[in-house]
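# Descriptive analysis of the structure
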Amino acid sequence: WVLMVTAQTPTNIAVIKYWGKRDETLILPVNDSISVTLDPDHLCTTTTVAVSPSFDQDRMWLNGKEISLGGGRYQNCLKEIRSRACDVEDKEKGIKIEKKDWQKLHLHIASFNNFPTAAGLASSAAGFACLVFSLAKLMNLKENQSQLSAIARQGSGSACRSLFGGFVKWIMGKEGNGSDSLAVQLVDEEHWNDLVIIIAVVSSRQKETSSTTGMRESVETSLLLQHRAKEVVPKRIVQMEEAIQNHDFSSFAQLTCADSNQFHAVCLDTSPPIFYMNDTSHRIISYVERWNRSVGSPQVAYTFDAGPNAVLIARNRKIATELLQRLLFFFPPNSETDLNSYVLGDKSI
Ligand code: DP6
């Protein structure tokens, strides 16, 4: 027999960034972060997990290619989930798995991203969130979404925020064992459904410095990171939560853009400096800043993760249409700017 579960998880975009760990193994951050979860139709991971007594080892395939489960992060997630597994019974199929059996049974995991990995868009967030969620269903875990987020966190920090839709806060926590470092939903997907997200895929090249390596170097060398984590982010988190509760797009955009810019300033303050944005990214920032100023209030927010792709958040559908027209005119794909395409990551979650 084979027992299977399939789940789908969208990716999330941080509007107050996570950058820096206080514990590298448990993946505990130096500050809280806030993100918005995208609509699963656009950018998501679909994962099928299967268990069968005929499987002789744990195996995983990513986009059809087998990958090693040897890395510590996969093993940590699998260990955490197996230790919480419960009895499972499928009467129709006549299958009964007892709690203790999960330690011996092996798993096959197949995971697909519905966007090209080559597009350089973050996939680890949706990937680990989906892996943890589907395994939790298969093994009948009793933990709630926040408790599961603390397991997904050990796969990739940003993954813990993809267990919820809407706006999500990853609380950094204080405990040394990471038990209070987990995600909570601030508001659900219906709360602010005017927002529309457009991603400008500026370059499909693999980033030179991974987030994991980049943030390690920033923690070791950047004084600005210390100041940001202690003084800046705690205040911004409070203001961002307020802006989200009140649908205050002006404050939301101002905080989102400022936080993205400070994150990239931390990267420049790292030794040796890390450059994630390129000329096209900078031109998009200038363009959005000029547009917002010319209208007198923000219409679009921008944010950039560990790469040159621009995530643009329009205040409503009408502005999103205008934004896309302007982008296609001023930043046409396949021009000398290295821009490939635009991806609509509607925030209806
Ligand atoms: C810039 O979650 O990819 O996207 O925890 O080492 O796997 P690891 O890092 P990762 O870092 C994401 C960094 C970011 C900001 C964010 O998503 O908050």
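Residues numbered from 1 in each chain as written. Predicted model: local features only at pLDDT ≥ 70, side-chain atom pairs only at ≥ 80, totals over all residues. Heavy atoms only, no water.

### Quick notes on the site of the ligand
Selection criterion: The rule for a residue being near a molecule or strand is that one of its heavy atoms must lie within 4 Å of it. The definition of a polar contact used here is a pair of N or O atoms within 3.5 Å, where within protein one atom must be able to donate a hydrogen and the other to accept one, and adjacent residues in sequence count solely through side-chain atom pairs. The protein chains shown are the only cover counted for residues, whose accessible areas, like all others here, come from Shrake-Rupley with a 1.4 Å probe. Helix and strand assignments follow DSSP, with helices taken as H or I runs no shorter than four residues and strands as E runs no shorter than two, numbered in order from the N terminus. Any residue outside Ala, Val, Leu, Ile, Met, Phe, Trp, Tyr, Cys, Pro, Asp, Glu, Lys and Arg is labelled polar, Gly included; the first ten of those are nonpolar and the last four are charged.
The immediate surroundings of the ligand are formed by 18 residues, with Tyr-18, Lys-21, Arg-73, Ser-156 and Ser-158 found nearest. Measuring from an oxygen atom of the ligand, one finds a side-chain N or O atom of Arg-73 at 2.7 Å. Its free accessible area being 460 Å², the ligand has 94% of it covered by the protein chains. No other element matches helix α4 (residues 211–221), which puts three residues into the shell around the ligand. Residue composition of the shell around the ligand, by class: seven nonpolar, six polar and five charged.

### Details of the packing of helix α2 (residues 124–138) against helix α3 (residues 145–152)
Selection criterion: Note on geometry: axes are lines fitted to C-alpha atoms, helical ones only across the stretch in contact, with angles between N-to-C directions running from 0 to 180 degrees. In this scheme, roughly parallel covers angles under 35 degrees and roughly antiparallel covers those over 145, while 65 to 115 is roughly perpendicular and the rest are oblique. In this scheme the crossing of two helices becomes right-handed for a clockwise turn of the near helix relative to the far one and left-handed for an anticlockwise turn of less than a right angle. Contact criterion: two residues are considered in contact whenever any of their non-hydrogen atoms come within 4.5 Å of each other.
Taken N-terminus to C-terminus, the directions of α2 and α3 make an angle of 125 degrees; their axes are 9 Å apart at the nearest point. As the angle between them shows, α2 and α3 are arranged oblique. Regarding α2 and α3, the two cross each other, and that crossing is right-handed. Between α2 and α3, the residues in contact are Phe-128, Ala-129, Val-132, Phe-133 and Ala-136 and Gln-145, Leu-148, Ile-151 and Ala-152, respectively. Each residue belonging to the contact of α2 with α3 can be placed in one class, and the counts come to eight nonpolar, one polar and no charged.

### Some words on the pairing of strand β16 (residues 310–314)
Stated precisely, the cut-off is as follows: For every residue, the accessible area obtained with a 1.4 Å probe (protein chains only) is divided by the maximum for its type, and the residue is called buried under 20%, exposed over 50%, and partly exposed between those limits. Strands pair, by our definition, only if DSSP identifies at least two bridges between them.
Among the five residues in β16, five count as buried, and that is most of the element. Relative to β16, strand β14 (residues 196–201) runs antiparallel, the two being bridged by five bridges. Along β16, the bridge assignment pairs Ile-198 with Leu-312. Sheet topology places strand β15 (residues 300–303) next to β16; four bridges connect them, and they run antiparallel. Bridge pairing in β16 places Ala-301 opposite Ile-313. Following β15, the chain reverses through six residues before pairing antiparallel with β16.

### Details of the packing of aromatic side chains
Put simply, the test is: Planes of paired rings set the category: under 30 degrees apart is stacked, over 60 is edge-to-face and the rest tilted, where pairs are Phe, Tyr or Trp rings (Trp by its six-membered ring) whose centres lie within 6.5 Å. Lysine and arginine charges are scored as sitting over a ring when NZ or CZ, respectively, is within 6 Å of the ring centre and within 35 degrees of the ring normal.
Under the criterion given, the structure shown has 14 aromatic pairs. Aromatic side chains Tyr-287 and Phe-331 sit 6.0 Å apart centroid to centroid with 80 degrees between the ring planes, which places their arrangement in the edge-to-face category. Separated by 44 residues along the polypeptide, Tyr-287 in helix α7 (residues 279–295) and Phe-331 in the loop between α8 (317–330) and β17 (341–344) bring together distant segments of the chain. You'll find Tyr-287 and Phe-331 in the same group, each marked buried. Feature note: the residues Phe-167, Trp-192, Phe-249 and Phe-252 constitute an aromatic cluster, connected by ring pairs. Lying over the aromatic face of Trp-291, Arg-326 brings its terminal NZ or CZ to 4.0 Å of the ring centre.

### Quick look at the sheet that holds strand β1 (residues 3–10)
Strand order in the open sheet formed by five strands is β1-β6-β11-β7-β8, and the pairing between neighbours is mixed. Strand pairing shows two members of the sheet lacking a second neighbour, β1 and β8 (65–67), which therefore form its edges. Adjacent strand axes in the sheet meet at a mean angle of 20 degrees when their direction is disregarded. As paired elements, strand β7 (residues 59–62) and β8 share three bridges and run antiparallel to each other. Residue pairing for β8: Trp-61 is matched across the bridge by Glu-66. With respect to the sheet, helix α1 (residues 72–84) is in contact with β7, β8 and β11 (106–113), its orientation differing from that of β11 by roughly 125 degrees. Lying on the sheet, α2 is in contact with β1, β6 (44–52) and β11; it crosses β1 at an angle near 145 degrees.

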